[in-house]
Amino acid sequence: MTDGVDEPDRDVDLEDDSGAVIAAVGRQVRLWREAAGMRAAELGAAIGYGENQVYKVETGKRIPKPEFLDRADEVLGAGGKLAAMKKDVAEARYPKKVRDLAKLEADAVELGAYGNHNMHGLLQTEEYARALYEMRRPSYGRDEIDRHVAARMGRQEIFERQPLTMLTFVQEEVTIKRPLGGRMVARRQLEHLLEVGQLRNVEIQVMPTDREDHAGMGGQLQLLKFDDGTAVAHWEGQLSNRLISDPKEVRIIELRYGIIRAQALTPRESLAFIEKALGET
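Residues numbered from 1 in each chain as written. Predicted model: local features only at pLDDT ≥ 70, side-chain atom pairs only at ≥ 80, totals over all residues. Heavy atoms only, no water.

Description of unusual backbone geometry
A cis amide bond, omega 0°, links arginine 137 with the succeeding residue proline 138. Within the secondary structure layout, proline 138 lies in the loop between helix H7 (126-134) and helix H8 (142-155). Between glutamine 162 and the following residue, proline 163, the backbone shows a cis peptide bond with an omega angle of -5°. (Helix = DSSP H or I, 4+ residues; strand = E, 2+ residues; numbered from the N terminus.)

Comments concerning the layout of surface pockets
If a probe as big as a water molecule is rolled over the atoms, it shows which places are left empty. Here the largest pocket is characterised by a volume of approximately 1100 Å³. If you trace the largest pocket, you find 35 residues lining it, with His117, Arg136, Arg152, Gln220 and Glu236 closest to the centre. For the lining of the largest pocket, the per-class residue count stands at 14 nonpolar, 14 polar and seven charged. (1 Å grid on protein atoms, 1.4 Å probe; cavity = no way out; pocket = protein on both sides within 12 Å on 5 of 7 lines; lining within 4 Å. Points joined across faces, edges and corners; volume = space filled by probe spheres on them. Nonpolar A, V, L, I, M, F, W, Y, C, P; charged D, E, K, R; others polar.)

Some words on the pairing of strand E1 (residues 108-115)
Taken across its eight residues, E1 has six buried, putting it largely inside the fold. Across six bridges, E1 lies against strand E4 (residues 221-226) in antiparallel orientation. Bridged to alanine 108 within E4 is phenylalanine 226. Two strands pair when backbone bridges link them, and E1 and strand E2 (residues 166-172) are joined in this way by six bridges, in the parallel orientation. Its bridge partner being in E2, leucine 111 is matched across the sheet by leucine 167. (Buried < 20%, exposed > 50% of the residue type's maximum accessible area, 1.4 Å probe, protein only. Pairing = 2+ DSSP bridges.)

Some thoughts on the sheet that holds strand E6 (residues 241-244)
Read across the sheet, six strands follow the order E3-E2-E1-E4-E5-E6 without closing on themselves; strand pairing throughout is mixed. Sheet topology places strand E3 (202-207) and E6 at the edges, where each strand pairs with a single neighbour. Sheet twist, expressed as the average angle between the axes of neighbouring strands with direction ignored, equals 15°. Packing against the sheet, helix H11 (residues 247-263) makes contact with E1, E2, E3, E4, strand E5 (231-236) and E6, and its axis sits at approximately 110° to E4. (Axes fitted to C-alpha atoms, helices over the stretch in contact; angles between N-to-C directions. Contact = heavy atoms within 4.5 Å.)

Quick notes on helix H4 (residues 66-76)
An α-helix turns once every 3.6 residues. As a result, residues three or four positions apart point the same way. Regarding H4, the residues found buried are Phe68, Leu69, Ala72, Asp73 and Leu76. Considered in projection along H4, the buried side chains sweep an arc of 125° and stay on one side of the axis. Following H4 by one or two positions, glycine 77 has its phi on the positive side, about 65°. (Arc of directions from axis to C-beta.)

Quick notes on the pairing of E4
Among the six residues of E4, five are classified as buried, and the element is accordingly described as predominantly covered. Alignment of E4 against E5, held across four bridges, turns out to be antiparallel. Looking across to E5, one finds that leucine 223 is bridged to alanine 233. Once E4 ends, the chain turns through four residues before running back antiparallel as E5, passing glycine 229 with a positive phi of about 90°.

Here it is, written out as structure tokens:
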């Protein structure tokens, strides 16, 4: 990572509801700067940012990085008030659809997912996730890639949450054998799967390509169940995402996922399959 001069903070998507949060943070920075009797150029020089970047943060047009708020807090004598906004800003840096999904995952007591073209986001290493975003077309910029990767890695806190969330995954054989990102990235991804698969609250299964009967022909899916007995499903397509909450539709997704799991290799067989694939990679 570089400082704010070399790597500018991400511009705000004004159609995203994060804009209100960033605008409020920017106003606080400006008020503290004016109270300290400093010009924007002086603040920028003191914290390692350009005058234009300071103005953009203050007007809510750019999302400040944590180090911006830390340095500004210290220079302006804000006593931790600006630095305390880092959590709100961190959430606002993520795309809205990711924040919404992460909130659902945080509330779930059980999560099941079927992936058919790449590794599920909760199972991805940082290198694998970065490789996926780097191969997107149209291409993402460096800041946008960093933003998406950070959001994806942040969601993986679910593995350590207490009480433990029951997590089950079914991955198509091709997602195990396709060397996305290159051989070393693929090897580390398979090693990570073997590590995660040993967790008591995680079951990973592989769907062999040679299956003649397959309930997952409708594509990838994710099913989340909550403590109150309700459930929702999440579907992600090429250009859109859909949250399914209608009980009848959720039951269909739940039925399909149950059959998919029954048709796949058992968790023990799957770990052996992944270990074999690692040896061949």
